[in-house]
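Residue strings, one per chain:
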Amino acid sequence: MPESLDHGTAQVMPKATLVWLGPFLRQYCRQHQLTLLPEALPGADSSADRFADGFWCLLGPTLSLVVSTRTINADNQPSPQADQTVAVSLITEVAAVADSLAQRSLAHGDLAPTDIAALGQFMLAWVRAGAEASANLDEHQSVIDRQHDRRLLLNQVITKIQGSLELAEILATTVAEVRQFLQADRLLIYQFDPAPSATVKPLDGGESQNLAEADLSHRKSATVGYITYESRSSDRLASVLNYTEGLCFEHHADAPHRGTRYRQGETVAIDDVATVYQHAPCMTTFLTQMQVKSKAVAPIFVGQQLWGLLIVHQCEYHRPWQPWETELLQQIAEHLAIAIHQAQLYHQLQGQTKNLEVCVIERTQDLRDALVAAEAANRAKSEFLATMSHELRTPLTYIIGMSATLLRWSLGELSPRQRDYLTTIQASGEQLLRIINDILDVSKIEAGRTTLEVRPFSLTSLCRQSVDAFRDEAAHNNIEIAINLKLVNGQDTFVADLRRVRQILANLLSNAVKFTPAEGQVTLQVRREQNDAVFQVKDTGIGIAAAAQSLLFEKFQQLENVRQREHQGTGLGLALTKQLVELHGGSIKVSSEVGVGSVFTVRIPQQRAAALAAPEPPATLEPTVGRIVLVEDNEEAASLICDLLTAAAYQVIWVVDGSRLIDQIKLLRPAAVITSLTLTSDNDILAVLHQALGPIRPKILALLDGEDHHRVAQALEAGASGCIAKPIDPKQLLSTVNAAMVAQPV
């Protein structure tokens, strides 16, 4: 838009146009020997911002000219904003030029009038410079646009690589986008195969032949590969997908497409393939049939190995490749190498993960098999121990019972040595029986065949009985044994398995007495803490080292060295104790110091009592599953029966007078009654017992003189569960009693 400005004509121009104005004015003055004022021109750094408001004066023999610029806004008003357009003014009148110079205090001589020819020449130079500047600006903008598009393409490729681990998708998409960006006819990826086993695909569509068979001499050295990805601008172009040209690479290693140039990572651009490959017939044939006139190749390196080639084909015309195009191919190849390496690592990780999963599955299965085998072995061990214990208990019962009988009733006087032998036999049998019973208890608990027989009992009575059982042994070893009851009113009655709790205390007291030297002390303390009963067995014995305490409750563990062992034992006592405590849901702890003593603390929670059908009997006479009442007036037979059954772990109560038998049975509540029919005169006692005892229903066994089958039949008919003949046969006695008590496990 022209406008009158300072006696001249102003033309609004883009601010970017001023970039070339300063250099143009200086060059024009030099070429035509003109004076340029001021000498220090604004815009000397070619920056439009520096001379947006500027002043130039060109003086010569035929030319007096002022060029001034001023920043304006959209309304053609002066504006200091750097992003506005500029108004460029030309002043040619001599007076106006003189005024402009005077205003700026610029000295000058006489001003010559501007010749129209000189002005026309200046304006033509101005227009020519503007056109060249505009062309350069367009080219510059085109370069900027291409750089921007290249950055976008690279960003897209990078985004795909970062957002996906699917290599096939990344390569296929990248090939298509790069071909479209370059406006090429075909773009493909040629991938080298590290194991030469590819097949050559003839261009005429014939049968494929194995590369190794085609040329055995190059089998080991040939660089074999095949085209794995392809993008074409039109379906009219032939597809080269899956084609291999390995033999051409090997035969013409000196060609530009092969050898050190690729190995060194150089991108190769070929404007005319016919000229370059004129000495490579097979490659020329391939490129001619594929209509390729120009090609560019960028190597793809993964790590330090040449993985493949990124190849561009131009088929419609010969294409002179630009530097930025080969640079773009190289950048794409580098990013594809990253994607390939990333995918390889991912697949390796997947393979390792699958291998790890397989290993974990196999290891888990091995552990399960081992666990099953261990459980089977443990069950077999428990069943073996239970069977052997049962088989061993019967002969041991004979040994203990008969040795006890011989000590009481011998056929003649026993010499001191004979009595010592019998005493040793009986003591050793009892010790062996205790060991077998412990093994049997452990195997039952481990097999889950042990249940608690819960009932109320007196803690005071239990503790006194437990301590009294060890008084003789403690006195024999000169050890003081005591009981400390800390029970207030209402805390004496406790609900648990009496037999098992008694066994726990017996094991702890036995160990305390065994490992306490003479002049030592053993104390059993009991107290109640809410619903728990707490038992503490303290001794002043040899103590236990801290390192050995972790083995204390393990089965078959003796803390003493076998060769230095001074105390007998199997190492089952504390293991069984711990299992019995845990069977009640309780806990056991030990605190010990070598040479000072030990404290074993057992905490047992009160169990839920089962409903009782009859009033609770006195605490000293709790019902016992293995309790048997024996009614017999013959002392010899009664003693033998008592010894044999006691050795078999039954509790036997001998009643001589049968006149008050029913009252005694109601009080004692036995599991079985063995009664002599000679004492009660006839079989009526059997019927009377069945009728009078009611819900108690003990097993009733009849003692008969001799093997009288008629009387045996009468006794069984009268309600007897079995018959025992006199004189007593130990084996027949135990067999009959055990058979009758099968419903009442010991």
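An unreviewed UniProt entry lists the protein under the name Circadian input-output histidine kinase CikA, with Shackletoniella antarctica as the source organism. For the record of the protein, the UniProt heading Subcellular location (unreviewed entry) holds the text "Membrane". Entered under Sequence similarities (unreviewed entry) in the UniProt record, the comment concerning the protein runs "In the N-terminal section; belongs to the phytochrome family."

**Student:** Even after reading the chapter, I still don't get the overall build of the protein, so can you show me in this structure?
**Tutor:** What the protein contains, in helices and strands, is 21 helices and 25 strands. When each of the 746 residues of the protein is scored for burial, the buried share is 43%. Accessible surface, the protein: about 39,900 Å² in total, of which carbon and sulfur atoms supply 52%.

**Student:** Just to check I follow, could you spell out the sheet that holds strand 25 (residues 722–726) for this structure?
**Tutor:** Strands belonging to one sheet form pairs held by backbone hydrogen bonds; the direction of such a pair is parallel or antiparallel. Pairing is parallel in the open sheet, where five strands are placed in the order 22-21-23-24-25. Each edge of the open sheet is held by one strand with a lone partner, namely strand 22 (651–655) and strand 25. Direction aside, neighbouring strands of the sheet carry axes that sit 20° apart on average. As paired strands, strand 21 (residues 627–631) and strand 22 are joined by five bridges and run parallel to one another. Counterpart to Leu 630 in the pairing with strand 22 is Trp 654. Those strands touched by helix 20 (residues 709–718) are strand 24 (699–705) and strand 25, and its axis lies near 145° from that of strand 25. Seen against the sheet, helix 21 (residues 730–740) touches strand 21, strand 23 (672–676), strand 24 and strand 25 and runs at an angle of roughly 165° to strand 25.

**Student:** Which parts of the structure should I look at to understand the pattern of salt bridges?
**Tutor:** A side chain of one charge can pair with a side chain of the opposite charge when the charged atoms of the two come close. Taken as a whole and assessed by the stated rule, the structure comprises eight salt bridges. Note that Asp 468 and Arg 471 form a salt bridge whose closest N and O atoms lie 2.7 Å from each other. On the accessibility criterion, Arg 471 (35% relative accessible area) is partly exposed. The salt bridge partner of Arg 603 is Glu 529, with a shortest N-O separation of 2.6 Å. In this pair, Arg 603 sits in strand 20 (residues 597–605) while Glu 529 sits in strand 17 (residues 521–529), placing the two residues 74 residues apart along the sequence.

**Student:** For this particular structure, what's the right way to read a nonpolar patch on the surface?
**Tutor:** A contiguous nonpolar surface patch, about 280 Å² in accessible area, is contributed by Phe 384, Met 388 and Leu 392. On the secondary structure map, Leu 392 appears in helix 10 (residues 323–408). When its relative accessible area of 39% is taken as the criterion, Leu 392 is described as partly exposed.

**Student:** Looking at this structure, how should I read the environment of Met 741?
**Tutor:** Tracing the backbone shows Met 741 in the segment after helix 21. Of the residues examined, Met 741 reaches a relative accessible area of 3% and is grouped as buried. Distance from Met 741 to Ala 671, taken between C-alpha atoms, is 7.7 Å for residues 70 residues apart in sequence.

**Student:** Where do I start with unusual backbone geometry in this structure?
**Tutor:** Peptide bonds are, in most cases, trans, and in most cases residues other than glycine have a negative phi. Of the consecutive residues Leu 37 and Pro 38, the connecting peptide bond is found in the cis state with omega at -10°. Its location among the elements puts Pro 38 in the loop between strand 3 (35–37) and strand 4 (54–60). Its identity is not glycine, yet Gln 183 carries a phi of approximately 55°, on the positive side. Tracing the chain through its elements places Gln 183 in the loop between helix 4 (167–182) and strand 7 (186–192). The phi angle at Asn 478 is positive, at roughly 60°, despite the residue not being glycine. Note on placement: Asn 478 falls in the loop between helix 13 (471–476) and strand 15 (480–486).

**Student:** Teacher, can you tell me more about the pairing of strand 20 here?
**Tutor:** Sheet faces and side chains relate simply in a regular strand, where the side chains alternate between the two faces. Here eight bridges tie strand 18 (residues 532–539) to strand 20, and the two strands are oriented antiparallel to one another. Bridge pairing in strand 20 links Lys 538 to Val 599. Note that strand 19 (residues 587–593) and strand 20 share seven bridges and pair antiparallel. Looking across to strand 20, one finds that Val 590 is bridged to Phe 600.

**Student:** Please clarify how the sheet that holds strand 17 should be interpreted in this entry.
**Tutor:** Spatially, 15-17-18-20-19 is the arrangement adopted by the five strands of the open sheet, whose pairing is mixed. Each edge of the open sheet carries a strand with a single partner, namely strand 15 and strand 19. Here the strands of the sheet are splayed against their neighbours by 15° on average, with no regard to which way each runs. Lying over the sheet, helix 14 (residues 498–514) contacts strand 15, strand 17, strand 18, strand 19 and strand 20, oriented at roughly 15° with respect to strand 18. Packing against the sheet, helix 15 (residues 573–583) makes contact with strand 19 and strand 20, and its axis sits at approximately 140° to strand 19.

**Student:** I would appreciate a short explanation of the side chain of Arg 179 in the present structure.
**Tutor:** Within the secondary structure, Arg 179 is located in helix 4. For the buried Arg 179, no salt bridge exists, and the shortest N-O distance to an oppositely charged side chain is 6.3 Å, to Asp 185. Those residues in contact with Arg 179, other than ones at most four positions away along the chain, are Ala 184, Asp 185, Arg 186, Leu 187, Ser 231, Arg 232 and Ser 233.

**Student:** How should I be thinking about the nonpolar core in this particular structure?
**Tutor:** Generally speaking, nonpolar side chains in soluble globular proteins are found buried as a group. Within the largest apolar cluster, 43 residues are counted, with the highest numbers of intra-cluster contacts made by Phe 457, Leu 508, Val 522, Phe 535, Phe 600 and Val 602. Examining the composition of this core, we find that eight residues originate from one element, helix 14, more than from any other. In this structure, Val 602 is in contact with Ile 504, Leu 508, Ala 533, Val 534, Phe 535, Val 581, Ser 587 and Ile 588, ignoring residues within four places of it in sequence. Counting 32 residues, the second-largest nonpolar core is a separate cluster that includes Leu 154, Val 157, Val 312 and Leu 329.

**Student:** What am I meant to see in the packing of aromatic side chains here?
**Tutor:** Each pair of aromatic rings is reported with the distance of its centres and the angle of its planes. One pass over the structure, following the stated rule, counts 11 aromatic pairs. Note on Trp 20 and Trp 126: the rings are 6.3 Å apart at their centroids and 85° apart in plane angle, and the pair reads as edge-to-face. Here Trp 126 lies in helix 3 (residues 116–163) and Trp 20 lies in the loop between strand 2 (8–13) and helix 1 (21–31), a separation of 106 residues in the sequence. Note on accessibility: Trp 20 and Trp 126 belong to one class, buried. Seen from their ring centres, Phe 122 and Trp 126 are 5.8 Å apart, and the 70° between their planes marks the pair as edge-to-face. Pair noted here: Phe 122 and Trp 126 are both in helix 3, with a separation of four residues, about one helical turn. Across this residue pair, the class does not change: Phe 122 and Trp 126 are buried. An aromatic cluster of at least three residues, connected via ring pairs, comprises Trp 20, Phe 24, Tyr 28, Phe 122 and Trp 126.

**Student:** Can you help me understand the packing of helix 14 against helix 15 in this one?
**Tutor:** What describes two packed helices is the angle between their axes and the distance between those same axes. Interaxial distance between helix 14 and helix 15 falls to 9 Å at its minimum, and their mutual angle equals 150°. In this structure, helix 14 crosses over helix 15, and the sense of that crossing is left-handed. Residue-level contacts link Arg 500, Gln 503, Ile 504, Asn 507, Leu 508 and Asn 511 of helix 14 to Gly 573, Leu 574, Leu 576, Thr 577, Leu 580 and Val 581 of helix 15. Broken down by class, the residue content of the contact of helix 14 with helix 15 amounts to six nonpolar, five polar and one charged.

Procedures and definitions
- Residues numbered from 1 in each chain as written.
- Predicted model: local features only at pLDDT ≥ 70, side-chain atom pairs only at ≥ 80, totals over all residues.
- Heavy atoms only, no water.
- UniProt positions renumbered as here; feature names shortened; annotations may be inferred.
- Helix = DSSP H or I, 4+ residues; strand = E, 2+ residues; numbered from the N terminus.
- Buried < 20%, exposed > 50% of the residue type's maximum accessible area, 1.4 Å probe, protein only.
- Areas by Shrake-Rupley, 256 points an atom, 1.4 Å probe, with all protein chains shown as cover.
- Pairing = 2+ DSSP bridges.
- Axes fitted to C-alpha atoms, helices over the stretch in contact; angles between N-to-C directions.
- Contact = heavy atoms within 4.5 Å.
- Salt bridge = Lys/Arg side-chain N within 4 Å of Asp/Glu carboxyl O.
- Patch = residues over 30% accessible without salt bridge, like charges linked within 9 Å, V, L, I, M, F, W, Y side chains within 5 Å.
- Lys, Arg positive; Asp, Glu negative; His and termini not counted.
- Core = buried A, V, L, I, M, F, W, Y, C linked by side-chain atoms within 4.5 Å.
- Phe/Tyr/Trp six-rings, centres within 6.5 Å; stacked < 30°, edge-to-face > 60°.
- Left-handed = near helix turned anticlockwise from the far one by under 90°.
- Nonpolar A, V, L, I, M, F, W, Y, C, P; charged D, E, K, R; others polar.

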